[in-house]
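Listed below are the residues making up each chain.
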Amino acid sequence: MACAAGVIFSVWHSFCDALAWRIYTAYYSRERKSITGKLTFILQQHSRCEHCGAKVSWFGLIPVLGYFFVQGRCPHCTRPVSWRFPVFEALALSYGAAFGALNPTPAEFLVTLIAYALIWIVMTIDYRVMLIPTEAILGLLLLGI
């Protein structure tokens with residue numbers, strides 16, 4: 001159960017990170033006015049390179065390992081991919097494995113996944129736009145842990 005939970009959390013984190021980036025782009029970035037179907041953009045957009053906008057290949061989307069498969073660079077523009085992706089995915093893997101070792105019920109597991117997603121998305125977006133006071137974010141982080 002611990003290994004499966006770790007993999008699920010790592011994949012879930014990767015998805016939440018992409019979702020947070022799309023929400024930020026649709027509602028807070030400079031190009032937000034040019035995005036007409038915001039919900040469609042958020043839910044149906046493919047993962048893309050932050051620099052050139054090229055679609056990320058399927059093996060580049062594998063949590064933690066994808067970074068090493070593409071050798072830490074975008075295959076299209078050869079610019080470096082941020083190290084934060086594999087680091088946070090590995091942390092999510094560790095957190096999920098530790099949580100799975102506690103043998104949670106399916107309901108507890110689902111609630112934890114949803115809470116993790118909400119906390120991560122809020123923190124990631126707020127890191128860029130700085131709307132929520134730092135003390136409140138710290139409280140959310142401690143609550144999530």
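Basis of the calculations
- Residues numbered from 1 in each chain as written.
- Predicted model: local features only at pLDDT ≥ 70, side-chain atom pairs only at ≥ 80, totals over all residues.
- Heavy atoms only, no water.
- Salt bridge = Lys/Arg side-chain N within 4 Å of Asp/Glu carboxyl O.
- Helix = DSSP H or I, 4+ residues; strand = E, 2+ residues; numbered from the N terminus.
- Buried < 20%, exposed > 50% of the residue type's maximum accessible area, 1.4 Å probe, protein only.
- Core = buried A, V, L, I, M, F, W, Y, C linked by side-chain atoms within 4.5 Å.
- Contact = heavy atoms within 4.5 Å.
- pLDDT = per-residue confidence, 0-100.
- Axes fitted to C-alpha atoms, helices over the stretch in contact; angles between N-to-C directions.
- Left-handed = near helix turned anticlockwise from the far one by under 90°.
- Nonpolar A, V, L, I, M, F, W, Y, C, P; charged D, E, K, R; others polar.

Draft legend 1. Expanded view of the pattern of salt bridges. Evaluated as defined, the whole model comprises two salt bridges. Here R84 ties to D17 by a salt bridge, and the two come within 3.1 Å at their closest N and O atoms. Here D17 lies in helix α1 (residues 2–27) and R84 lies in helix α4 (residues 84–100), a separation of 67 residues in the sequence. Each member of the pair, R84 as well as D17, carries the same accessibility label: buried. Linking R84 and E50 is a salt bridge whose minimum nitrogen-to-oxygen distance equals 3.7 Å. Residue R84 is located in helix α4, and its partner E50 is located in the loop between α2 (38–44) and α3 (65–69); the two are separated by 34 residues in the primary sequence. On the accessibility criterion, R84 (18% relative accessible area) is buried.

Draft legend 2. Molecular detail of unusual backbone geometry. Of note, the phi angle at V64 is positive, near 65°, even though the residue is not glycine. As for its placement among the helices and strands, V64 is situated in the loop between α2 and α3. Notably, M130 is not glycine yet its phi reads approximately 50°, a positive angle. Turning to its location among the elements, M130 is positioned in the loop between α5 (106–129) and α6 (134–144). For M130, a relative accessible area of 58% puts it in the exposed group.

Draft legend 3. A look at the nonpolar core. Grouped together as the largest cluster of nonpolar side chains are 13 residues, with contacts concentrated most on C16, L19, I23, F41, I42, I121 and I125. Counting only elements with at least two residues in this core, the list comes to α1, α2 and α5. The leading source of residues in this core is α1, at six residues. Filtering out sequence-adjacent residues up to four positions away, I121 remains in contact with C16, L19, A20 and I23. Counting seven residues, the second largest nonpolar core, distinct from the first, contains F9, A92, F99 and L113.

Draft legend 4. Local environment of the environment of E50. Note on E50: relative accessible area 41%, which makes it partly exposed. If sequence neighbours within four positions are ignored, E50 has contacts with R84 and F85.

Draft legend 5. Fine view of the confidence of the model for the chain. For the chain, per-residue confidence averages 90 on the pLDDT scale, and residues scoring 70 or more make up 99% of the total. Per-residue pLDDT, averaged within each element of the chain, yields its smallest value for α6 (76) and its largest for α4 (95).

Draft legend 6. Inspection of the packing of α1 against α4 at higher detail. Interhelical geometry of α1 versus α4 gives an angle of 140° and a closest axis separation of 7 Å. Between α1 and α4 the crossing geometry is right-handed. Across from A2, A5, G6, V7, F9, S10, H13, S14 and D17 in α1, the residues of α4 making contact are R84, F85, F88, E89, A92, L93, Y95, G96, A97, F99 and G100. Residue composition of the contact of α1 with α4, grouped by class: eleven nonpolar, six polar and three charged.

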